Protein chains: 2
Amino acid sequence: MRIGDIIERKKRRRRLSDEEIRFVVERYVSGEIPDYQISALLMAVWFAGMDEAETTALTLAMADSGDRIDLSGVDGVPVDKHSTGGVADTTTLIVAPVVAACGGRMAKMSGRGLGHTGGTLDKLEAIPGMRVDLSAEEFVRTVNRCGLSIVGQTGNLVPADKKLYALRDVTATVDSAPLIASSIMSKKLASGASGIVLDVKWGSGAFIKTTEEATRIAHLMTAIGTRAGRTTVALVTDMNQPLGSGVGNALDVAEAISVLRGECSGDLLDVSTALARELLVIAGLYVDADSAEAAARRAIDSGEALARLAAMIEAQHGDPRVVDEVALLPRARRTVSVRSRSGGFVVAIDAERIGSAAQILGAGRARKDDPIDPAVGIVVKKRLGDPVDSGEELAVLHINEEGAAGEANERCAGAFVIGDSAPDPPALIVERVAP
Amino acid sequence: MRIGDIIERKKRRRRLSDEEIRFVVERYVSGEIPDYQISALLMAVWFAGMDEAETTALTLAMADSGDRIDLSGVDGVPVDKHSTGGVADTTTLIVAPVVAACGGRMAKMSGRGLGHTGGTLDKLEAIPGMRVDLSAEEFVRTVNRCGLSIVGQTGNLVPADKKLYALRDVTATVDSAPLIASSIMSKKLASGASGIVLDVKWGSGAFIKTTEEATRIAHLMTAIGTRAGRTTVALVTDMNQPLGSGVGNALDVAEAISVLRGECSGDLLDVSTALARELLVIAGLYVDADSAEAAARRAIDSGEALARLAAMIEAQHGDPRVVDEVALLPRARRTVSVRSRSGGFVVAIDAERIGSAAQILGAGRARKDDPIDPAVGIVVKKRLGDPVDSGEELAVLHINEEGAAGEANERCAGAFVIGDSAPDPPALIVERVAP
């Protein structure tokens, strides 16, 4: 087998065999195949595609490239969720405690963020004392004790994805369905959960810009999960406006706590309970979706979900009092209103632009090693279809560095399009994809 | 300007600007852009293509990446030819002396071969004492004195092509019309000739397998030459059988001498006089093609072309007596006949296969630094449409290493397809492409 022949075959739109795909992944991770041959292959895949079987073979070869987490010590069915990412998308901090409160076992490995805000780990670290670097044993023990644990990657998980992603990032080959699906699913498979629920987002704040593409990737990922022996379900959800209102790290934690206290209704709650419903069904705890969703809502109303979050925070060395007193979270020095320059209705929101405004304030990273400020960010005050007067507040900036405020305000204001009539509200959950 | 954005644009099938293309070439040669980004771009070009203006910009940026040869010292219009390569394609050694004999100035820089036989330089070096490493001054002086000189590249000519070609070779991006055209034309432009005639070959012994592709590349190259201010004409010619009969290095030289002595008629002579005709016209020595071709044939009949070859050999320190006594060329230890296993007519010849048989005997290189044996090779005895009896000689192997004879014989015999009736002869010159 020779890499030159494999590139040639993919260029000619041929199917690659399992053996060819495994050869490529293994020799790339070992350093025998250089970057410049892999980047040519990645571009050929961008144009010629990969079918379900090829993408599954790629995913499995990637998952096998490093350690796999052993969750056999979890007493119950370990389940996991993944979101393709959006703005004010804090579902994990809501879904995980809800599932735990209903008897599920949520064992989640998360990443750090690149872009508009931090990842789930960065958000958790906004909680004083919180640790996300548990050992594999502590991780399993916390899942068994609290019903949930959210940690950073332990061990050498999917080195093939680290290497491939870094290369895709600089060769314009990120936006390829088989490469996206294999990147996500290889990490999910290596993380050891038996059931996986995927939240595939489309819209102005997602990297997937059409429902068709989102649905295609959702089908591809559920097919891969199923072929790999994991129960996998995907929801395609709307990301044409920030899902919640908090765009930051401490701000996101505060909003998740507020939802778990039963103080908020709306899209963030609705997507979270839908995801929790799917997780409870694939965990085998509920047979029908309606009773699973009812249980999820009860877990919030009863305060049990909030108690589970507090238990996890305590088990991971954080200060559990934050769930009752969000003022214990880091706070920015001052706030500034972003005001509308015209009156009417909010007809469109460029969610990515709001995210980039938050990044300018210091809530997210431009590069992997940039520091982030947990306190800063944006609280969005208007949603699609809301009436708005000229001069009315659209959002509030939480600021520590004065220098960034002007550009962030400008950018945030520019993200709202004000028109004459209210648009139809977008469908929140576009499709449920199950094998 | 960022290379990531440029790759993205080409991936989206957008036109790249002259500035973007120059940025890529300059930064790649300087080492600022790494191989892995260029290979992704090359693959995007393979799929998305480049139009005439983009390909011209690429060619000019490549030509500007290193030294350019100054031929202003040539007294007359310096002209050059290039063949995309074939089997038993010895036209340069015939065309250059013919053009010189008719008053032309043939200033040709050639390369070494990779594949079935050596390049023109390797063939010339089969002549005892012959030197091809002249300085720029010696080169111009030889052209002025003899009317022709054929040398290796002097100076740092088109480093961009060296780097790009090496990368294309290992990333399955060789067979792209804009990349082929820019590679050839950048070297022609940097070599300084005012007029360029291209021999674009298609068929079983060429790397271009269809007339359509050959014609497309011919149009692209003449357009580039014209845009760059050089008179450029291309002939699309047949390479579905070896052009001449000698496939080797000394064997090729002997055949060229034989043609110049007026001892051979046939395709090699006809393509050579057609190329010479075009060169004489673009040099401004003849106005109409017919009288140019008649002059070319007269130069052979009169012996003047042969005298010019002898003069160049002497000027480049070789033994000019070879033109009268080809036995002075290296000779293989023994010859072996390749015989037909059946009778009928030659209906097809896999010319590439005959080339690879010659390579097995030692006539060509598999790798850049392999030595070649000037004496060995194959003399082909049958052409398309020839009748053949079972057991009759198809070709003769010239052998020094006994170990290679069996496989070469097998391969050479397998290159001839014998059928029941003679096929129509292929058109030798398919098209003439002029701007």
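Above: the structure in question.
Quick notes on the rules
Residues numbered from 1 in each chain as written. Chains lettered and ligands numbered in written order. Predicted model: local features only at pLDDT ≥ 70, side-chain atom pairs only at ≥ 80, totals over all residues. Heavy atoms only, no water. Axes fitted to C-alpha atoms, helices over the stretch in contact; angles between N-to-C directions. Helix = DSSP H or I, 4+ residues; strand = E, 2+ residues; numbered from the N terminus. Left-handed = near helix turned anticlockwise from the far one by under 90°. Contact = heavy atoms within 4.5 Å. Nonpolar A, V, L, I, M, F, W, Y, C, P; charged D, E, K, R; others polar. Buried area = accessible area lost by both parts, 1.4 Å probe. Salt bridge = Lys/Arg side-chain N within 4 Å of Asp/Glu carboxyl O. Polar contact = N/O pair within 3.5 Å; in protein donor to acceptor, adjacent residues only side chain to side chain. Core = buried A, V, L, I, M, F, W, Y, C linked by side-chain atoms within 4.5 Å. Buried < 20%, exposed > 50% of the residue type's maximum accessible area, 1.4 Å probe, protein only. Domains from an automatic or database assignment.

Describe the packing of helix H2 (residues 18-29) of chain B against helix H4 (residues 52-63) of chain B, listing the residues and the values that go with them.
All names here are of chain B. Two elements in contact, H2 and H4, have axes separated by 9 Å at closest approach and are oriented at 35 degrees. For the pair H2 and H4, the crossing hand works out as right-handed. Judged by residue contacts, Asp18, Ile21, Arg22 and Val25 of H2 engage Glu54, Ala57, Leu58, Leu60, Ala61 and Met62 from H4. Split by residue class, the contact of H2 with H4 holds seven nonpolar, no polar and three charged.

How would you sum up the interface of chain B and chain A? Please name residues and give values.
Size of an interface: often given as the accessible area lost when the parts come together. Counting residues at the interface gives 21 residues for chain B and 21 residues for chain A. In this assembly, chain B packs against chain A so that about 1,800 Å² is buried in total across both faces, 68% of it on carbon and sulfur atoms. Ranking the residues of chain B by area buried against chain A places Lys11(B), Tyr36(B) and Phe47(B) at the top, with a combined share of 35%. Between Asp175(A) and Arg12(B) there is a salt bridge; the shortest N-O distance is 2.4 Å. At the junction of chain B with chain A, the criterion picks out eleven residue pairs in polar contact (both at pLDDT 80 or more). Counting residues per element, the ones that place at least two in the side of chain B that touches chain A are helix H1 (3-11) and helix H3 (35-48) of chain B. It is H3(B) that provides the largest number of residues to the side of chain B that touches chain A, a total of ten residues.

So what's going on with the nonpolar core? Which residues, and what values?
By size, the foremost hydrophobic cluster in this structure holds 89 residues, and its most contacted members are Val98(B), Ile378(B) and Phe416(B). Counting residues per element, this core draws most heavily on helix H12 (residues 267-282) of chain B, at nine residues. Taken domain by domain, the makeup of this core includes at least three residues from each of domain 2 (78-325) and domain 3 (330-419) of chain B. In this structure Phe416(B) touches Val346(B), Ala348(B), Ile349(B), Ile354(B), Val380(B), Lys382(B) and Leu394(B), once residues within four positions along its chain are discounted. Grouped together as the second largest cluster of nonpolar side chains are 88 residues, Val247(A), Val271(A), Ile313(A) and Ala332(A) included.

Describe helix H15 (residues 351-361) of chain B, naming the residues involved and giving the relevant values.
Residues three or four positions apart in an α-helix share a direction because the helix packs 3.6 residues into each turn. Residue and element names in this part refer to chain B. Looking only at H15, the buried set comprises Ala351, Ile354, Gly355, Ser356, Ala357, Ala358 and Leu361. Tucked into the core, H15 has its buried residues touching strand S6 (246-248), strand S8 (344-349), strand S9 (377-380), strand S11 (393-399), helix H16 (405-414) and strand S12 (416-419). Looking one or two residues past H15, Gly362 carries a phi angle of roughly 115 degrees, positive in sign.

Let's hear about the packing of helix H5 (residues 91-101) of chain B against helix H11 (residues 250-260) of chain B: which residues, and what values?
All names here are of chain B. Two elements in contact, H5 and H11, have axes separated by 9 Å at closest approach and are oriented at 40 degrees. Judged by the sense of rotation from one axis to the other, the crossing of H5 with H11 is right-handed. Contacts between H5 and H11 pair Leu93, Ile94, Pro97 and Val98 from the former with Val253, Ala256, Val259 and Leu260 from the latter. Along the lines of polarity and charge, the residues of the contact of H5 with H11 split into eight nonpolar, no polar and no charged.

I'd like a rundown of the pattern of salt bridges, residues and numbers included.
Within this structure, the stated rule accounts for 74 salt bridges over all chains. A salt bridge links Arg297(B) to Glu293(B); the nearest nitrogen and oxygen atoms lie 3.6 Å apart. Separated by four residues within a single helix, Arg297(B) and Glu293(B) lie in helix H13 (residues 289-301), roughly one turn from each other. Of the residues examined, Glu293(B) reaches a relative accessible area of 19% and is grouped as buried. Where Asp319(B) meets Arg321(B), a salt bridge forms, and the shortest distance between an N and an O atom there is 2.8 Å. When salt bridges with common partners are traced through the structure, they connect Asp270(A), Arg277(A), Glu278(A), Glu293(A), Arg297(A) and Arg432(A) into a single cluster.

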